[in-house]
Amino acid sequence: VIRPAHLPDLRAASSGAVLAPDDDGYDARRSGWDRRIVHRPAAIVVARDVRDVVAAVEHAGRHQFDLAVQATGHGPVRRAGATALLVDVSGLDVVTVDERAGTATVGGGTRWTSVQAAADRARSGLAAIAPAHHRVGVTGSTLVGGFGWLARAHGMSRDHVVGAELVMPWGEIVRVDTDHHTEMLWALRGGGAPAPGVITSLTVALVPQADVYAGELSYPAELAHEVLARYGERLAEVPPALTSAIVLDAGPPPRVAMRACHAGPVAEGRAWLDEWRRWAEATDDRFAVRSASTLGGLDDDPTDPTALATTTAWLRRLSDDVISALARAVHGHDAPARRIEIRHVAGAVRSGVGPGPSDPSDLLLRLATTAPTLAAVPEAERRLAAVHAALVATGATTSGSYAGFSARPGATVDRVDANG
Amino acid sequence: VRDISGTEVRFALLGSIEVRDSTGVVVDLGGAQPRKVLGVLLAADGRVVATETLIDAVWGESPPATAPGTLQTYVSRLRRVLEPGRRPRGTSEVLVTEPHGYRLVIEPESVDVKRFEILADAGRDSAAEGRLVDAATALRQAEALWRGPALAEHRDEEWAQGLAARLEERRLAVQELRMEVDLAMGRVAEVAAEATAAVRAEPLREGRWALLALALYRSGRQGEALRALAQARRTLGDELGLEPGKALRDLEADILAQAPHLDATGPAETSDAPAPPPVRPPAPAGPTVVGRVGEMESLRGALVEARSATRFVVVEGEPGIGKTCLLEAIAVEAAAGGALVMWGRTHESGAAPAYWPWLGAMRTLVGHRPELSDALEPLLDPAVVAGPVGEAGPAGFRLHEAVAGALEAAAAHAPVVVLLDDLQWADAATLDLITFLTTRLVDAPALIGVTLRTLELGRSDAVTTALSSIARRPGSRRLRLRGLDDADAAELAAVAAGRPLTPAVAAAVHARSSGNPFFSGELVRLLAEEGLLDDAQAVADAPVPAGVGDVLRRRLDHLPDDTVEVLRVAAVLGRDIEVRLVAAAADCTVEECLDALEPAVTLRLVTDAPEPPAFGRFAHALVREVLVEDMTTPKRARLHLRAADALLATGDPDDAAELVAEHLWAAVPLGVGARAADALERAAEVAVRRAAFATAEDLLTRALTLRRAAGNSPDATGLELTTLMTLTGVTRSLHGFNAVLPLLDRGKELAVRLGDDDLLLNLDWAEWSAAATACDFPRADPIAERFRTMAEQAAPDDVVELTLGHGVWGIHSWHHGRIDEAVAHLDRSRAAAVNLPAAHMVLGMVAEQRMLTELFSVFVHDLAGDLDEVGLAYERLVQSQDDRVALAMVAGLETAAAMVVGDMPRAIRASGDGLAADPDDAFGFSGTLNQMYAASAALAGGGDPDAAIAMFEEGHVRYQRSRNRTGLGSAYATMAIELTRAGALDRAKGYLTRAQDELRTRGERWPEPVILLAEAELQSAEGGSVPVIRELLERARDVAAQQGSHAIARRMERALHALGGR
């Protein structure tokens, strides 16, 4: 049933564009980064300010449309079909840094790159606690947690939310902070409830952070077993300010890499790295003293819109059978995964800030592969699931997954609802 | 130089004849004739020389008439020279006139001949007394007196011949004795060099050949030593038509056998003479390492660290890249620093005998530290296994522990360096041992280095597991060797060519070989052999083979056919070339074999062996691989067959067993299946003795294939059955009871065909124990019935049938929750077992049942609650078992019993005992069951629920991997109880459900009361109603009482009593 969109009304109420399926720009706006999610909404409202969002929300309520929100398309989003209005908030991208309060207030469509740039411009020595990829949107990534390269030193993105502006389903604009609507603040920081409205801005606390020692050591893929074994063995000795991950990459060239960021004294991080350097010569060594704002470049996940299949798991240990299964999954013959990332998250999940990942395990595992076409995504997912099952059979996994890592539709959408 | 007599030498015959005055100046004797006269007089050594004799010496047979007068003139001239202070015409006191002639009266020691003899005698005596330094000093002084051939220009004259010959002989003897002394003092390199020259000078003196061979052997150049002896044999044969003497023949045999006495050095120095400069063998020249500066630095770093902690090093790269060379270089430095270096090399003939590299390394160790030979006996000289084969884990553990302990003991004296070459060909047992050592050796000053060829991408097996365990070690190093850069490669090419190359040629070689040192060396040699080395254009234009294999093929083409043929035989046998073995396999004499190999040595396709008894090695594994690859399959099979025969004729039976088996296996197409099967079984037996169960399983599986193919005759069936039963034992050791079930069906079929009742009984027992352990009661119970019937019908003195029958039925009854019946039958089984002959170990079944009977009877009595002193009963069991598996099992049963009867302090203590008996989680069945109970015990002791659950689940995964189920119900239930008490109710509920499911689906009933108790406790913790809880407890009590588990029933009474207070 195609509902009439009453677009003239909406267009009249909006300062930004309102796009119907036949309009130019509709196709460009409807798809996000994850190509599995193809929105076909009745109309797209390209919001230019909070009043446009209010107008869209009220219009949806009046004409009984579902409401979907897309900022940058990186978070989990519900597919918006013909019964939906899609609000594109990517235009709400103003960043204001308050150096005295040590906060940044950002529009609902802002990417972390803009926040970092603003923090850098302020030259205050303050850094934003961003997820690993800085091109993703602030709102979506923060609501699912936001696990970045400073996580073990400072926690996750959501731990730093100190305020927000929301448009409630009835069109009211509500400002949340540590003194007002605090229950909603806790919800946004990971209380587990879906955001009760459309987030049009977030205020996040910045942290004082000197330059970090961060980068990547690459080894040839034949060393995958040994690198993983060595990494797993040393987790207990990892300095608390060091956040690290292992990446198995199908290439070309196939390789295994250890990425890390040490947020404490550079000498301490370098000492930890030097032990790796003594062990074996890396084919590429990109560790350097960097500004925290540049950490988004630490990893080279695809940044173009892509058809991605992923699965995640919590790992209890990196035993030989787990390592074999992982190495085979990326580097074996006809391997199902293009990339596996194993993040060391122990200590990153702060107590008392709402539920984190459901298990206190040390390692978060993400298997990913890009399918050549959208149609091939289910098959790619099926093969990843087989890898996952093999891992479960080793007894080394624990239950639970992490929404910020897994973009499986339906599995985690409800928690964040319309704030992708 | 010490002066023996205080007299100066004035008269010298050792060379041309000379006289010195008191100031040491050579005096003019007035011409050749007076010199000859003096010579004759000196040669007479103080005796009177007749005038005629002198005249004959000077003028020969037809002297002129003036001769006597002229002689007088000469004498006068001599007197003036010899006695410059003599008054004219005074009586001469030196050249004295006698009635018929003349005589020299001088101090004997003033003649160099006398001096030489005194020194030679002194040197000989000192040597005989073991005063080597004195001996060497005296002998050297004696030799130093010689200025040339004795009596020089006169030595062929009649009067001089005898003396000159005698002196020369003596000189040669002195030289040989002195070399012998030097050799005893460890100057092997100098002696080797000197003896090489010495045999050239006097090729017929066997003593120096012996010295040369011995010096070479002690320098680690066994191949050259054998070649030297072969050359001696040829020389003696060609020149004299003689065989070498016994001494040389013995030496040759000893070198081949690597007789220990060849290494014996001389007796300790006892001289109090001033110490000579310390005798130190010069640092042995290491291999030429070009480039590799960073890699050597890294290895040196590891070596330094290895003085205070164990370090592991992996060197990886493509074939020929220089891995072994690098380790050899560091080995030389380590040895120079006082470390004990031992090499282990994987066998490269395609066969991988268990622990092969370790055998080599540990034999070197025992050679240096004989006191460790007892500790290493399980590896080097494993005893025959009597009776049942134990669990694989503990047996392997014992052996691994022995090696670790020996390395630690040796490292306490000096750092040890173990280098294992070509890990990619290592057998599984060797890799397991490496993995073990990475966790076992921590502080021992030891460096363990391995080389391996670059892994294939995605590979995942025992090699990667071992490498991963090395990677886990702190301080370990991982070196990947790549091709050398232009400059280094050019230098290396120049070394191979023996001279600098033009830049264009060097660049061409580098481009072709990508800086692979072995490839470029071979390429340079090939070009040199083909005369292309100086022509850059020719190098560029010539159809130079693209791959190293083709380069080697072309170099092999330059060899005589005989040589290639012998090389092929050697290649099939492996990388090390043992001449006796190769000769036997090639069907030629050792002599012919050495001759045939000589050209390959000249072309450097074969080099000296690093250790005896090998004669040499293929210069590189690739040489061997090319030789083997280029043979047709039938040809290869024939050579394998000959290799097997040669090994059987010459080898150590234990070491050779697996090699023989592999060679025969490769020769099966020639119709030697039966022999191959026999050999595989024999090899499996050796492997089991070394606790290399995985190897044994592989060998026996192949033997079984061959047996099956042999047909259905009664003989063939019998052989197949024997193989099958052995395999059953090994498989059970390796994978647990249940893994053997697929083998048993075939076994029964064969036993029925043969009508072998004993065997059927054995198979039944194996099947029952497997099925019962898996709680597969539909399969287990009918068999148990048959055993009960057997026990009931057994004659009173048939202790075997009584032990087995009642034992099986007793354990069967326990599974099904009939504890009273279990007690009765196990008591009868035990009573019968007391009278079992100790040697009765038929295929292990009876012995195993005896052990189970002893353990289970205490266990069921514990459940029944009728033991007077529970602790004592288990203590007696512990005393009677010396096997750690049995100890783990005793502890496991006591933990289970204490846990279900509610005696927590005892459960905690016993569970600790169980874990202590198996600290490395090596024991499949008993170990994992213990681990699950230990999780409950940890909870009872106040442990953290998450940690306990993790521990339990880890054990659970391992337990189920071998398809074991028995005891799970009780393990789940006790876990549920302890989790409930720890307040983790949700988790407890999960375990209770699993326990109930287990009871319902599997039907193992003895844990039933405890499962009811778990339910009651959980209800109680959740605030359930008292009547419901009471009813559960009453049911638990009644079930326990009805089963005969009175100890459990009493626990329920206590719980009811406590409940009554609510």
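We now turn to the structure provided with this report.

Attention now goes to the overall build of chain A. Scanning chain A from terminus to terminus reveals twelve helices and 20 strands. Expressed as a percentage of its 420 residues, the buried residues of chain A come to 60%. Partitioning the intrachain contacts of chain A with sequence separation of at least 6 by distance along the chain shows that 73% fall at a separation of at least 24. Carbon and sulfur atoms provide 51% of the accessible area of chain A, an area that totals close to 16,200 Å².

The next thing to look at is the sheet that holds strand β3 (residues 49–50) of chain B. All names here are of chain B. Spatial ordering of the open sheet is given by β3-β5-β4, a layout of three strands whose pairing is antiparallel. Among the strands making up the open sheet, the edge pair consists of β3 and β4 (95–98). Two elements, β4 and strand β5 (residues 101–104), share four bridges in a ladder whose sense is antiparallel. Opposite Val96, over in β5, you have Arg103 as the bridge partner. Helix α3 (residues 67–82) contacts β4 and β5 of the sheet and is inclined by roughly 145° relative to β4.

Residue and element names in this part refer to chain B. Counting 174 residues, the largest nonpolar core has Trp358, Met362, Leu365, Leu407 and Leu437 as the members making the most contacts within it. If we skip the residues at most four places from it in the chain, Leu365 touches Leu340, Met342, Leu372, Leu376, Ala406, Leu407 and Ala410. Grouped together as the second largest cluster of nonpolar side chains are 90 residues, Leu761, Ala897, Tyr991 and Leu1032 included.

Residue and element names in this part refer to chain B. The interhelical angle for the contact between helix α23 (residues 561–573) and helix α25 (residues 590–602), taken along N-to-C directions, is 100°, at an axis separation of 8 Å. Taken together, the axis directions place α23 and α25 in an arrangement best described as roughly perpendicular. Only Cys593, Ala596, Leu597, Pro599 and Ala600 of α25 make contact with α23, whose side of the interface consists of Asp562, Thr563, Val566 and Leu567. Grouping the constituent residues of the contact of α23 with α25 by class yields seven nonpolar, one polar and one charged.

Right, let's talk about the interface of chain A and chain B for a bit. Of the residues lining the interface, 28 residues belong to chain A; the matching set on chain B comes to 25 residues. In total, about 2,200 Å² of surface goes out of reach between chain A and chain B, with carbon and sulfur atoms giving 48% of it. The three residues of chain A that bury the most area against chain B are Glu222, Glu226 and Trp279 of chain A, which together make up 26% of that side's buried surface. At the junction of chain A with chain B, the criterion picks out five salt bridges. Between Arg472 of chain B and Asp320 of chain A there is a salt bridge, and its shortest N-O distance comes to 3.3 Å. For the pair chain A and chain B, the interface holds ten residue pairs in polar contact (both at pLDDT 80 or more). Elements represented by at least two residues in the side of chain A that touches chain B include exactly α8 (224–233), α9 (266–279) and α10 (320–331) of chain A. In terms of residue count, the dominant contributor to the side of chain A that touches chain B is α10 of chain A (six residues).

A word on helix α10 (residues 246–257) of chain B. Residue and element names in this part refer to chain B. Between its terminal C-alpha atoms α10 stretches 16 Å, which fits the 16 Å expected from twelve residues at 1.5 Å a residue. Listed in full, the buried residues belonging to α10 are Leu248, Leu251, Glu252, Ile255 and Leu256. Down the axis, α10 shows its buried residues gathered within 135° of arc, on one side only. Across from the buried face of α10, at angles greater than 90 degrees, the exposed residues are Lys246, Ala247 and Ala257. Where α10 is buried, its residues meet α8 (206–218), α9 (222–240) and α24 (579–586). One or two positions beyond α10, positive phi appears at Gln258, with a value near 50°.

Attention now goes to helix α34 (residues 777–793) of chain B. All names here are of chain B. With 17 residues, α34 extends 24 Å from end C-alpha to end C-alpha; this agrees with the ideal 24 Å at 1.5 Å per step. If you check which residues of α34 are buried, you get Phe777, Ala780, Ile783, Ala784, Phe787, Met790 and Ala791. Down the axis of α34, the buried side of the element spans an arc of 140°, and every buried residue falls inside it. Projecting away from the buried face of α34 at angles above 90 degrees are the exposed residues Pro778, Glu792 and Gln793.

Bringing the packing of aromatic side chains into the picture now. Applying the stated criterion across every chain, the model contains 15 aromatic pairs over all chains. Measuring from centroid to centroid gives 5.7 Å for Tyr213 of chain A and Phe287 of chain A, while their planes differ by 35°, and the two rings are tilted. Here Tyr213 of chain A is found in strand β12 (residues 212–220), whereas its partner Phe287 of chain A is found in the loop between β15 (284–285) and β16 (288–290), with 74 residues between them in sequence. The exposure class assigned to Tyr213 of chain A is buried, which follows from its relative accessible area of 4%. Note on Trp814 of chain B and Phe859 of chain B: the rings are 5.6 Å apart at their centroids and 70° apart in plane angle, and the pair reads as edge-to-face. Of this pair, Trp814 of chain B sits in helix α35 (residues 799–815) while Phe859 of chain B sits in helix α37 (residues 845–864); the two residues are 45 residues apart in sequence, bridging distant segments of the chain. The pair Trp814 of chain B / Phe859 of chain B is uniform in exposure class, with both members buried.

The rules behind these values
Residues numbered from 1 in each chain as written. Chains lettered and ligands numbered in written order. Predicted model: local features only at pLDDT ≥ 70, side-chain atom pairs only at ≥ 80, totals over all residues. Heavy atoms only, no water. Helix = DSSP H or I, 4+ residues; strand = E, 2+ residues; numbered from the N terminus. Buried < 20%, exposed > 50% of the residue type's maximum accessible area, 1.4 Å probe, protein only. Contact = heavy atoms within 4.5 Å. Areas by Shrake-Rupley, 256 points an atom, 1.4 Å probe, with all protein chains shown as cover. Pairing = 2+ DSSP bridges. Axes fitted to C-alpha atoms, helices over the stretch in contact; angles between N-to-C directions. Core = buried A, V, L, I, M, F, W, Y, C linked by side-chain atoms within 4.5 Å. Parallel < 35°, antiparallel > 145°, perpendicular 65-115°, else oblique. Nonpolar A, V, L, I, M, F, W, Y, C, P; charged D, E, K, R; others polar. Buried area = accessible area lost by both parts, 1.4 Å probe. Salt bridge = Lys/Arg side-chain N within 4 Å of Asp/Glu carboxyl O. Polar contact = N/O pair within 3.5 Å; in protein donor to acceptor, adjacent residues only side chain to side chain. Expected span 1.5 Å × (residues − 1). Arc of directions from axis to C-beta. Phe/Tyr/Trp six-rings, centres within 6.5 Å; stacked < 30°, edge-to-face > 60°.

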